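# Chain and residue survey
Given next are the chains, with one letter for each unit.
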Amino acid sequence: MDIKMHNSIKFNNQKIENLKEAKLIFFRAIEKFLKNNPEMSTEIEELKRELEKIYLTKKANYVLENKIQVLNQYLENAFHFALSKDNELGKGSSSLYYLKHSKRFTLSE
């Protein structure tokens, strides 16, 4: 049996895969340059640190972009359901309710 878990830290999509690929290609090119110019090792290390920061920032942007897209889709569906004429106020679409006085969620059976 194969169980798949969604871990946001290990989140991947095509944009992130392309970003990883570009990072690897760029770092390989830097290593080749460093082999030919060993006297520039301090500048190369500084460049690598800066590139890693930029990579992590861009990756975080892609993850947030995906999460916001999912949230936006959820809200769009919720508003569409709430504003549609087919929806009945008496008919609940969920069995999960928030109890304000006890500040907790409960399931309705």
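Above this text you will find the structure in question.
Okay, so let's go over this structure.

Reading the values: rules and limits
- In this convention, every chain numbers its residues from 1, walking through the sequence in written order.
- Reporting of local features is limited, given that this is a predicted model, to residues whose pLDDT is at least 70; pairs of side-chain atoms are given and counted only at 80 or more, and all residues count toward the totals for whole chains, interfaces and linings.
- To get the side-chain values, take all heavy atoms of the structure and skip hydrogens and water.
- What counts as a salt bridge is simple: a side-chain nitrogen of Lys or Arg found within 4 Å of a carboxyl oxygen of Asp or Glu.
- Per the convention used, a helix needs a DSSP run of H or I reaching at least four residues, while a strand needs a run of E reaching at least two, with both numbered from the N terminus.
- Each residue is assigned to one of three classes by its accessible area relative to the maximum for its type, calculated with a 1.4 Å probe on protein chains only: buried under 20%, partly exposed between the two thresholds, exposed over 50%.
- One less than the residue count of a helix, multiplied by 1.5 Å, gives the span that helix is expected to have.
- Any two residues whose heavy atoms approach within 4.5 Å are treated as being in contact.

### Section: the pattern of salt bridges
In the structure shown here, the tally under the stated rule is five salt bridges. Glu31 is the partner of Lys48 in a salt bridge, and the nearest nitrogen-oxygen pair spans 2.0 Å. Taken together, the residues Lys48 in helix H2 (residues 41-83) and Glu31 in helix H1 (residues 14-36) connect sequence positions 17 residues apart. With a relative accessible area of 14%, Lys48 lands in the buried category. With its nearest N and O atoms 3.6 Å apart, the salt bridge here joins Lys53 to Glu50. With a gap of three residues between them, Lys53 and Glu50 both fall in helix H2, about one helical turn apart. The exposure class assigned to Glu50 is partly exposed, which follows from its relative accessible area of 38%. By sharing partners, the salt bridges in this structure join Glu31, Glu45 and Lys48 into a single network.

### Things to note about H1
If you check H1, its first and last C-alpha atoms are 34 Å apart, about what 23 residues at 1.5 Å a residue would give, namely 33 Å. Along H1, the residues classified as buried are Ile16, Leu19, Phe27, Ile30 and Leu34. Of the surrounding elements, those touching the buried residues of H1 are H2.

### A short note on H2
Owing to its 3.6 residues per turn, the α-helix brings residues three or four apart onto one side. Compared with the 63 Å implied by 1.5 Å per residue over 43 residues, the 62 Å span of H2 between its first and last C-alpha is a close match. Those residues of H2 that sit buried are Ile44, Lys48, Tyr55, Lys59, Tyr62, Val63 and Asn66. The inward-facing, buried residues of H2 contact H1.

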